Amino acid sequence: MLKNYFKIAWRSLMKNKLFSFINILGLSIGITTCMMIFLFILNEFSVDDFHDKKDRIYRVMRGITVNEQEKNVAYLSGPYAPALLNDFKGEIKKAVRVNPTEGLVRIGDQSFLEKKIYDVDSDFLQLFSFPLLAGDPSTVLKDPTNVVLTESTAKKYFGGIDQAMGQVIELDKNLQLKVMGIAKDVPSNSHLDFDLLVPLANYQNSPNMTVWINNGMYTYVLLDPKTSEQQVESRFAAFMEKYMGSDARRYGYKFSLSLAPLKDVYFENSTFDNAKHGDKVVVYIFLSIALLILLIACINFMNLSTIRAVERSKEVGVRKVLGALRDHLIKQFIGESLLLTLLSCIVAVALLFVLMPQYNSLLGYTLTVPWSSPSIWLFLIGLIVFIGLLAGFYPALFLSAFSPIQALKGKLRLGKGGALFRHSLVIIQFSISVFLIIGTVTVAKQMSYIKNKQLGYNAEQALIVPIDNMDIYRNMQAFKTALQNESFVKSVSLMSGEPGGYFDIQMFEVEGHAEKWRAHSEFADFEYVETLGLKIIAGRDLSKEFPTDSTNAVLLNRTAAAELGWTPDQAVGKRIRNTVRDSAARNVVGVVADFNFLSLKENIEPLVISPSEDRRVCLIKLQAGNLNEAVHKVTAIYNNAAPAYPLAYRFLDQQFDTLYKKDILQQTLLSIFAGLAIFIACLGLFGLASFTAAKRIKEIGVRKVLGSSVQHIVMLLSKDLLKPVLIATAITLPVSYYVMRRWLQSFAYQTDLAWWVFLFAAVITFVIAFATISLKAIKAALANPIDSLRNE
C-alpha cells in the first residue's frame, strides 16, 4: 500500500513539473531560512549553557542610584571578591575576578597586539567549564608566571599545541610568561571571549585591586547548593554599608549589590559592559520572519494544490468508484505533501551548506550545524511533518470530498468559495511582503537619518588613536607636539573619550544647589573644542593663556546649564566641584552648544568638560588631502613614541558602524528576508496565473478571433489576480505604520514616517505582482487561437 502511494505521489510530481518546481523552490527557500534562523536562535539561547556549574554561578552587579535613577553596572573593584568570600563563608564557595584587557605579546622578533586578554583569578578554569587540550585546569593559573592560550592563539604563535607548551612569551615588555595550558577555542555561545588567560596575581598591587571605588573588572561567584540567591542578596545592604558606606556618603552615591544568574547575563542590559551580549528583540524578529516566510511557502502549496483539483478530479472519481475510501485518499494526498516537503528539505540542506559562510560573515561569528545533536534532526523531522500536514491537510480534505459522478462527468468546478479561499491566502502572502518592505525601507531611512544627522561636532578627517599602552601614555605629550608640528595636521586633542565612546559619570557639588548633581564628564586638553569643531555659546574656551584653567576651570554643555536652572550666560562664573577628583571648586568659564556625544538612541545629557591628565584617546584633525599619506605619517610619528606597539586607529566618522551594529544587522537581514518573501509570494502568483491562463485558454482564443487586443487580454487575466494584492496592501499599511512607529521610539532622534514610504511599498509590490502575472498573461495572449480552438 505504501509503495503504491509513493509511486502515485512520484508520478503526480513528475506529471506537473512546473507546479512541483514552484512548490519545491518556495518550500526550499522557506525551510532554508527556518534552519538558518533556528541555528541562530539555538546559539543565542544556549549561551553559557555548557558550564557544568551554570545553575550556581552568578555575576555580581553594582547598582548606582543618583537623581532617583538606578543603573546596573557590571564592573567592580578588586577588593570585592576576597571580602565576599570572607563575609559569606559557606554560602559563597568561589569568587573569581575577570579583568578584560589588551596588550602587546612578543615572541622573539614577532609582536602581536592582542585585544582579548583576560586577567583572572587562579580558579577561573575550575569555576567555568572551558576545557583544556593541554595543562591542568586546577593548577595552571596558580603560578603567576604561567599563561593559558587558546588553540587558535597557540597555532598563531607557534604553529601548534605541542610546539606551544613550555614556550615563553613576553607581555607588555615587562612580564615573562610560560605557556602551561592550551584551551579549546571559546565557542560562539559564550558571553566571555578570550585568547589569553593571565594570572591576576601579577597585578595585585594595582589601584584597581586595592581601592574599593576603582571599578574595572567582573566578579563571578559560585553559591553553595543549599544557598539561595535571595539569602545572599538580603545581606548585601549591610555588606555595602560596611565597606562602601563612607565613600557613598562622601561622593553622593547610593550603592547596592545584586546577583545576576549566569543564564541571564548574555541578555542583560547593563551600563558600561564590554562583555558579549545579545538582544532578545533581534531574536524575536528573526523568529517572526522565519515563521512568516514559511507561512508564505505553505500558502503557495495549498493554493497550487487546490487549483489543480479540477485536473485530478477524474483520478479521484475513478478511485472512489473502484472502492477507495475517503480516509485512504486523505492519506494519499497528505503523503504527497510529505514527499514534496521531504524533497524540499533535502534541497534546503544543500542550500544551507552553500550559504553558511555568507551567513556567518553577516552575523560576525561562526555558527556550525550540529549534525551530531538530536535537536537538529528533531527540528528537521518536526519541520517536515508540520509543513507536510499544514500545507497538505486542506488540499487533501478538498480533493477527497469530490463527488465521483460530478468528477467523472467533467462538471466539477472550484466555485466561488474556493476562489475566495485562494484569494484570502494570496492576501496573507502579500500582506507579509508589504509589511517587510515597509520595515526594510523604514529601518534604512532611520539608519540614513542617523548617519547624516548634524551631530554638533565635525567628524570628518578626524583620526582616533587610543592611548592604550604605557609607552604611548608616557610619551603622549611628545606625540601630540610632534603631530602639531606637521603641516598635514589641523589640530590635536588628548581626551578621556571621543564622541560615541566612553564617558565617565561623576557626582558634582554645584553652587546654589544643596543636592549633589550627576553628569557625564570629559577630561580633555585646551584643544578639545577646536579639534571637534564645537561652538562656544557663552563665555570663552579653555585656554593655555590662562594658567589657572588647568586646575580651576570647566566648560558645560547647554543641557548641563539648563538642568542646573541656568541660561548659558548665567552659567558662566558659577562654581562646580567634582566630588571624586577635585579638592576645590572650579569656575565655569564657558558653555558649548549641545552635541551628540552618546548614541542617538539617547537624549543629549549633561556634560562637564575639564582639563585633566586622564587621557584615553588622541583625536587628530587632519587637513583635507591624501588621507593614506597622512595616516602613513601619523604611523611613523606613533612608532617613534611607542616603537614596540603597532598603531591601531579608526576614523571618528566610522563610529556609526560600531554604535549601531545591531540595527545595521537588522536592516540587512530585513532587506534579504523581504526580498525572499516577495519572491516566494510571486512564485505562487505565477502558478495561479499559469492555472488561470490554462483554464481560460479557449476563451482567450475566441476573444482573439473576435478582435481583442493583447493589452485587453492581459488586463482581463490580470485584474482578478491583482485584487487580493491591492486588498493586502490596504490592510497592511495601517498595521505597518503602528509597528514601525513603535520601533522608532527606541531612538531619541527619529526620522519621520513619510507617506512616500507606504506609497513606495504599495507601488513596488503592485509592479512586481503585475510583472509576474504579465509573464504568463502575455504568453497566453500571444498564442495562436487556432491551437486553442482546434479540438472544438
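Before reading on, note that the structure itself is shown above.
Rules behind the numbers
Residues numbered from 1 in each chain as written. Predicted model: local features only at pLDDT ≥ 70, side-chain atom pairs only at ≥ 80, totals over all residues. Heavy atoms only, no water. Helix = DSSP H or I, 4+ residues; strand = E, 2+ residues; numbered from the N terminus. Buried < 20%, exposed > 50% of the residue type's maximum accessible area, 1.4 Å probe, protein only. Contact = heavy atoms within 4.5 Å. Areas by Shrake-Rupley, 256 points an atom, 1.4 Å probe, with all protein chains shown as cover. Pairing = 2+ DSSP bridges. Phe/Tyr/Trp six-rings, centres within 6.5 Å; stacked < 30°, edge-to-face > 60°. Lys NZ or Arg CZ within 6 Å of the ring centre and 35° of its normal. Salt bridge = Lys/Arg side-chain N within 4 Å of Asp/Glu carboxyl O. Arc of directions from axis to C-beta. Disulfide = S-S within 2.5 Å. Core = buried A, V, L, I, M, F, W, Y, C linked by side-chain atoms within 4.5 Å. Axes fitted to C-alpha atoms, helices over the stretch in contact; angles between N-to-C directions. Parallel < 35°, antiparallel > 145°, perpendicular 65-115°, else oblique. Left-handed = near helix turned anticlockwise from the far one by under 90°. Nonpolar A, V, L, I, M, F, W, Y, C, P; charged D, E, K, R; others polar.

Re the overall build of the protein chain
Right, so step 1: When helices and strands are counted, the protein chain shows 29 helices and 22 strands.
Right, so step 2: When each of the 792 residues of the protein chain is scored for burial, the buried share is 53%.
Right, so step 3: Long-range pairs, those at least 24 residues apart, make up 80% of the contacts in the protein chain with a sequence separation of at least 6.
Right, so step 4: Within the structure as shown, the protein chain displays about 35600 Å² of accessible surface, and the carbon and sulfur contribution to it stands at 58%.

Points about the pairing of strand β15 (residues 517-524)
Right, so step 1: Counted residue by residue, β15 has 8 buried out of 8 residues, so it is predominantly covered.
Right, so step 2: Inspection of the sheet shows strand β14 (residues 504-510) paired to β15 by 5 bridges, in the antiparallel sense. Looking at the pairing, Met507 lines up with Arg518 of β15.
Right, so step 3: As paired elements, β15 and strand β20 (residues 607-611) share 5 bridges and run parallel to each other. Within β20, the residue paired with His520 across the bridge is Leu607.

Quick look at the packing of aromatic side chains
Right, so step 1: Tallied over the full model, the rule gives 31 aromatic pairs.
Right, so step 2: Between the aromatic rings of Phe508 and Trp517, the centroid separation amounts to 5.9 Å while the plane-to-plane angle is 50°, which identifies the pairing as tilted. In this pair, the class of Phe508 matches that of Trp517, namely buried.
Right, so step 3: Connected via pairs of aromatic rings, a cluster forms that spans Phe50, Tyr75, Tyr118, Phe124, Phe128, Phe130, Phe194, Tyr218 and Tyr220.
Right, so step 4: Taking NZ or CZ as reference, Arg59 lies 5.1 Å from the ring centre of Tyr218, over its face.

Points about the pattern of salt bridges
Two side chains that carry opposite charge are able to pair once their charged atoms sit near each other.
Right, so step 1: One pass over the structure, following the stated rule, counts 24 salt bridges.
Right, so step 2: Between Lys94 and Asp123 there is a salt bridge whose closest N-O contact spans 3.8 Å. Taken together, the residues Lys94 in strand β3 (residues 92-107) and Asp123 in the loop between β4 (110-120) and α4 (124-127) connect sequence positions 29 residues apart. When sorted by exposure, Lys94 lands in the same class as Asp123, which is buried.
Right, so step 3: One continuous salt-bridge network, built from bridges that share partners, spans Lys480, Asp525, Glu527 and Lys544.

Here's the deal with helix α5 (residues 151-158)
Right, so step 1: Here α5 has its buried residues at Thr153, Ala154, Tyr157 and Phe158. Down the axis, α5 shows its buried residues gathered within 100° of arc, on one side only.

Some details on the state of the cysteines
Right, so step 1: One pass over the structure, following the stated rule, counts 0 disulfides.
Right, so step 2: This cysteine, Cys34, is not joined by any disulfide, and Cys298 carries the nearest cysteine sulfur, 8.7 Å off.
Right, so step 3: You can call Cys34 buried: its relative accessible area is 7%.
Right, so step 4: When its relative accessible area of 1% is taken as the criterion, Cys298 is described as buried.

Re the nonpolar core
Right, so step 1: Among the nonpolar cores identified, the biggest contains 79 residues, and Ile31, Met35, Phe40, Tyr359 and Phe430 are the most heavily contacted of them.
Right, so step 2: Looking at this core, the elements with two or more residues in it are α2 (17-45), α11 (280-307), α13 (326-363), α14 (374-400), α16 (415-452), α25 (661-695), α27 (710-744) and α28 (755-782).
Right, so step 3: Beyond its immediate chain neighbours, meaning those up to four positions away, Tyr359 contacts Met36, Ile37, Phe40, Phe286 and Leu367.

Describing the pairing of β14
Right, so step 1: For β14, the buried fraction is high: 6 of the 7 residues fall into the buried class.
Right, so step 2: Following β14, the chain reverses through 6 residues before pairing antiparallel with β15; Gly512 in that reversal takes a positive phi of roughly 85°.
Right, so step 3: Here 3 bridges tie β14 to strand β18 (residues 575-578), and the two strands are oriented antiparallel to one another. Bridge pairing in β18 links Val510 to Ile576.

As for the environment of Pro82
Right, so step 1: Mapped onto the secondary structure, Pro82 falls in helix α3 (residues 80-87).
Right, so step 2: Relative accessible area serves as the criterion here: at 43%, Pro82 is assigned to the partly exposed category.
Right, so step 3: Along the sequence, Pro82 and Ala95 sit 13 residues apart, while their C-alpha atoms lie 7.2 Å from each other.

Some remarks on the packing of helix α18 (residues 476-484) against helix α23 (residues 627-641)
Right, so step 1: Two elements in contact, α18 and α23, have axes whose closest approach is 9 Å; the angle formed by their N-to-C orientations is 150°. When the axis of α18 is compared with that of α23, the two are roughly antiparallel. Viewed along their axes, α18 and α23 form a crossing whose handedness is right-handed. Where α18 approaches α23, its residues Phe479, Ala482 and Leu483 are matched on the opposing element by Val634, Ile637, Tyr638 and Ala641.
Right, so step 2: Here the residues of the contact of α18 with α23 are counted per class, giving 7 nonpolar, no polar and no charged.

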